[in-house]
Amino acid sequence: MSHSVQRLGRNKGGYLGETIDIHQVLRDDLEAARRFGWQIEEIPVSGNLDLLAFRRVVQAPSKKLYISAGIHGDEPAGPLAVRQLLRENEWPDHANIWICPCLNPTGFPLNRRENADGVDLNRDYRHLRSAEIRAHVVWLNQQPNFDLTLCLHEDWESHGFYIYEVNPDHEPSLGEKMMQAVSKVCPIDLSTVIEDRPAQGGIIRPGIDPATRPQWPEAFYLVMNKTRHSYTPEAPSDFPLPTRVAALATAVRVVLDEI
Ligand SMILES: [Zn+2]
């Protein structure tokens, strides 16, 4: 099936594809969250800006999973995959789940990576210069530690789906299972170098010590403070949007099945 999906060749120098009405997507999320009994939180950022967070609490949780999306405003597939998963409502009965469905609500109306002030929020987790990430970190620090975290992204330059896995304790990896499942709905980027890092079968396992890095993406903050195992799935945004949404939703479902 994936063989029939072709690169569009449209996105040169940046993402020029479909945009979404993020406020409508978040209203849809809220509707699903209310219907299916999620706890809903509004994280105050500034003025009239809030970040949404959803929490699913089960009777006897043995696992804790965190999912975020929409930190880059030119990556619509993440928020759409979250909406699809919320509507499907198929979650493991033994896991508490936290979802931040959109961390950059001012970037999406501009279809740009950064927030409205021009800050790349996914480089701001070390120095906390933006109000969004300061608020997000305050909220994160009120939550327990997570067994696994997923940060949903897209990459307009990639030839297919890939993931970053940060797993310093070498816990059993779901990377290969994710690749196998996603390959049925979306091409995988099999390049041996992706984003200047060695990759194998679409999986980048960066041997980086975040303490030595001047700028932190969300995943580094999570690994340094909230989890010991993080996945960053990257959908290829030069492919049709439904393909990318299916890729990210499939990657999350592998975690839901295996956690
Ligand atoms: Zn991104």
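Residues numbered from 1 in each chain as written. Predicted model: local features only at pLDDT ≥ 70, side-chain atom pairs only at ≥ 80, totals over all residues. Heavy atoms only, no water.

Regarding helix α5 (residues 218–225)
Counting along an α-helix, one turn takes 3.6 residues, and residues three or four places apart therefore face a common direction. Note the following rule: Relative accessibility decides the category of a residue: with a 1.4 Å probe and only protein chains considered, values under 20% of the type maximum give buried, values over 50% give exposed, and everything between is partly exposed. Numbering of helices and strands runs from the N terminus; a helix is a DSSP stretch of H or I covering at least four residues, while a strand is a stretch of E covering at least two. By definition, residues are in contact when any of their heavy atoms lie within 4.5 Å.
Counting buried positions over the 8 residues of α5 gives 6, a clear majority of the element. Tucked into the core, α5 has its buried residues touching β3 (63–68), α3 (131–140), β5 (148–151), β7 (162–166) and β11 (230–236).

Observations regarding the coordination of the zinc ion
Cut-off, in case you're wondering: Donor atoms are limited to N, O and S found within 2.8 Å of the metal ion, a distance that becomes 3.2 Å for Na, K and Ca. With water left out, some sites might look partial. Geometry is assigned from donor-metal-donor angles: four donors are tetrahedral when every angle falls between 85 and 135 degrees, four are square planar and six octahedral when opposite donors sit over 155 degrees apart with all other angles between 65 and 115, and any other arrangement is irregular.
Protein-derived coordination of the zinc ion comes from H72 (ND1), E75 (OE), E75 (OE) and H153 (ND1), at a distance range of 2.1 to 2.3 Å. For the zinc ion, the 4 donor atoms in the first shell make angles of 58 to 152° at the metal, so the coordination geometry reads as irregular. Site description for the zinc ion: donor spacing in sequence, H-x2-E-x77-H. For E75, a relative accessible area of 7% translates into the label buried.

Comments concerning the pairing of strand β2 (residues 49–56)
The test is simple: Should DSSP find at least two bridges between two strands, the strands are taken to pair.
With 6 of 8 residues buried, β2 lies mostly within the body of the structure. Pairing of strand β1 (residues 39–46) with β2, which is carried by 7 bridges, proceeds in the antiparallel orientation. If you follow I40 over to β2, its bridge partner there is F54. As consecutive antiparallel partners, β1 and β2 are separated by 2 residues, and within that stretch G47 has a phi angle of approximately 45°, a positive value. Judged from the 3 bridges that link them, β2 and strand β4 (residues 95–100) form a sheet pairing that is antiparallel. Opposite R55, over in β4, you have W98 as the bridge partner.

Thoughts on unusual backbone geometry
Positive phi, close to 45°, is recorded for N111, a residue that is not glycine. Relative to the elements of secondary structure, N111 occurs in the loop between β4 and α3.

Looking at α3
Among the 10 residues of α3, 7 are classified as buried, and the element is accordingly described as predominantly covered. For α3, the set of buried residues is E132, I133, A135, H136, V137, W139 and L140. Elements in contact with the buried residues of α3: β1, β2, β3, β4 and α5.

Quick notes on the packing of helix α1 (residues 22–35) against helix α2 (residues 77–88)
Put simply, the test is: Here an axis means a line fitted to C-alpha atoms, over the contact stretch when the element is a helix, while the angle between two N-to-C directions is reported on a 0 to 180 degree scale. We call two directions roughly parallel when the angle between them is under 35 degrees, roughly antiparallel when it is over 145, roughly perpendicular when it lies between 65 and 115, and oblique otherwise. In this scheme the handedness of a crossing depends on how the near helix is turned from the far one: anticlockwise by less than a right angle means left-handed, clockwise means right-handed. Charged residues are taken to be Asp, Glu, Lys and Arg, nonpolar residues to be Ala, Val, Leu, Ile, Met, Phe, Trp, Tyr, Cys and Pro, and polar residues to be all remaining types, Gly included.
Between α1 and α2, the shortest axis-to-axis distance is 9 Å and the interhelical angle comes to 20°. Classed by the angle they form, the pair α1 and α2 counts as roughly parallel. Once α1 is placed against α2, the crossing between them reads as left-handed. Seen from α1, the contacting residues are I22, V25, D28, D29 and A32; seen from α2, they are P79, L80, V82, R83, L86 and R87. Its residues placed into classes, the contact of α1 with α2 shows 7 nonpolar, no polar and 4 charged.

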